[in-house]
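# A structural walkthrough
In case you want the letters, here they are:
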Amino acid sequence: MPIFRLLASLLFVFGALASAQAKLNVVATLPDFGSLAREIGGDKVDVTVMAKPTEDPHFVDARPSFVVSMRSADVLIDGGAELELGWLPPLLQNARNPKIEIGKPGRVQASQGIRLMNVPTNVTRAAGDVHALGNPHFMSDPIIAKAVAQHIAQALSAVDPANAAFYEANYKRFEATINAKLQEWGAALLPFKGQNVVAYHDSWPYFAHRFGLNIDIFLEPKPGIPPSPSHLVEVIAQMKAQKIKTIIVEPFHDRKIAEKVASATGAKVVDFSQFPGGLPGTDNYVKLIDTLVSRLAAALK
Amino acid sequence: MWEVMFWPIVACVLLPWLLVYLGLHVVRRGIIFIDIAMAQMASLGICLAVLFHLDLQSWTTFGIALGFTLVGGAIFSVTGKRASQIPQEAVIGISYVVAAAAAVLLLSRAAEGDEQIKQMLVGNILLVTPLEVWKCFALFVSVGLLHFALRRNFLLVSFDRDAAYAKGLRVRWWDFLFYAAFGLVVTSFVRIAGVLLVFSYLIAPAVCGINLADRIGNRLLIGWIIALIGGVAGLFLSFWWDLPSGAAIVCTFGAILIIISIYSLWRPRAKL
């Protein structure tokens, strides 16, 4: 058994060495960045995603392979907006890989150049926002995803100039797909413009903004703080007054609380996910938004 | 593998000896969950620092956390009466849940998310830095020296309380000194290795030692060997199968404990 293991790991090492010459090692902190990296990098890159799509992106348990892949990474894609604040810095410190330091071409901070929403004006953060740079859940807006994809294409081209044309072409294709899909998604959600939706956590301002919805009421009284009874009573009253019929939750949220509120208000609980793979049949970014749009349209009908 | 696992292995070799020794005291005193209660006290202190918007890495924050740990030590030494209807473990359990619940309440007012606090309080053995290991080692050496210098009285107070009272020791003060040093050790180890690991390093090797030996020296030796084997083996397993490292070490200890228990069932009289 140990010999078998040793052989297997040797094979793995040789395999990694052989492919390292041909392919770029791209590491993404979260599955949405990983999906874009696959779109742009195609078969020229090996993409490793650290967080699982069903895992809370604020809290991710580090495993040895995270450090291994970060050490051999040519490109690291992270959000850059403090979403991974709790777990990425110690990993980076441990990996000590100069290629993926901030400012190097091998480091993509996805939020760079993106105008984040809900930036707290209060520097002390007493207002209750975890993220001083603004809301970090920006990938649910497909137009922002296009910008991030372009950013990734530029980084891949800088690190691997030989394939720059390939990355650029893939980006153009992704851009065209999103542009076409935006028409479709917009049309599907157009009848519900201005409608209110309740979410468990404040992860959807960009999605709401893009598709003309209001997602401003949350089961959490403050981001990251578990729902308190008085807050839930308030939410239920608001939902009744505004006739809100939909609550969206993500896989790592406490669905029971959402169900309780739903049964008190006659609303429906809809499973949502920020990450490709977090819902069945959503193995890439476009399919994820497809699913979110159709689920929401069905629930709001 | 070495570049990733080197410092975790160093940490698992250099640090657990003191925990195993303290574990013998803790098991003997029957206060198994004291480490978790003390770690929770420290984190309550840090939540308070968050409420006042203090810098989490500052000395003030450290001082507050230490202060709360000392309060915990004071509570446990005052409630550890010579003869009481209420077991010490009940007080420890209550302290734990109250401290944990109070932290939730404070955070709901402080309104900063708990990622940073979690990161600060609960470390991951996989990601230890050399500086953290050396700082922790220095602290452990000083507490170890304190325990060595005063070993006669510390051992008496833990292992033979009646004799300690008979000898006229001020048992409560000795208890307080023990808990204060213990709180310092536990809190700093939790910060680099997490709660699960500190608990298993305290209890599992000590229980194995007690299973196999009668004399404290032998128990300690067995505990050290088991801590060393369990920690390093756990790290290897964590690497081979890509598992979270702390949990892998804890389960390795569980497996070792089961094997040793079966062995000592078969040979109940072969104690060292």
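## Some remarks on unusual backbone geometry
Phi at Glu82 of chain A takes a positive value of approximately 70°, unusual for a residue other than glycine. Of note, Glu82 of chain A is situated in the loop between β3 (75–78) and α4 (88–95). Phi is positive for Asp242 of chain B, which is not a glycine, with a value near 55°.

## Brief notes about the domain arrangement of chain A
All names here are of chain A. Assigned domains within chain A: domain 1 (2–182) and domain 2 (191–300). Approximately 2,400 Å² of surface area, both sides summed, lies buried where domain 1 meets domain 2, with 65% of it carried by carbon and sulfur atoms. The largest share of the area that domain 1 buries against domain 2 comes from Met117, His137 and Ser140, three residues that together contribute 22% of it. Scanning the region where domain 1 abuts domain 2 turns up two salt bridges. A salt bridge links Lys181 to Asp290; the nearest nitrogen and oxygen atoms lie 3.0 Å apart. Remark: the boundary between domain 1 and domain 2 carries nine residue pairs in polar contact (both at pLDDT 80 or more). Here the side of domain 1 that touches domain 2 is composed, by residue class, of 17 nonpolar, nine polar and seven charged.

## Regarding the pattern of salt bridges
For the structure on display, the rule yields 16 salt bridges over all chains. Between Asp74 of chain A and Lys99 of chain A there is a salt bridge, and its shortest N-O distance comes to 2.8 Å. Of this pair, Asp74 of chain A sits in the loop between α3 (64–71) and β3 while Lys99 of chain A sits in the loop between α4 and β4 (107–109), and the two are 25 residues apart along the sequence. Its relative accessible area of 14% is what places Asp74 of chain A among the buried residues. The class for Lys99 of chain A is partly exposed, based on a relative accessible area of 42%. Note that Asp214 of chain B is salt-bridged to Arg219 of chain B, the shortest N-O span being 3.9 Å.

Reading the values: rules and limits
- Residues numbered from 1 in each chain as written.
- Chains lettered and ligands numbered in written order.
- Predicted model: local features only at pLDDT ≥ 70, side-chain atom pairs only at ≥ 80, totals over all residues.
- Heavy atoms only, no water.
- Helix = DSSP H or I, 4+ residues; strand = E, 2+ residues; numbered from the N terminus.
- Domains from an automatic or database assignment.
- Buried area = accessible area lost by both parts, 1.4 Å probe.
- Salt bridge = Lys/Arg side-chain N within 4 Å of Asp/Glu carboxyl O.
- Polar contact = N/O pair within 3.5 Å; in protein donor to acceptor, adjacent residues only side chain to side chain.
- Nonpolar A, V, L, I, M, F, W, Y, C, P; charged D, E, K, R; others polar.
- Buried < 20%, exposed > 50% of the residue type's maximum accessible area, 1.4 Å probe, protein only.

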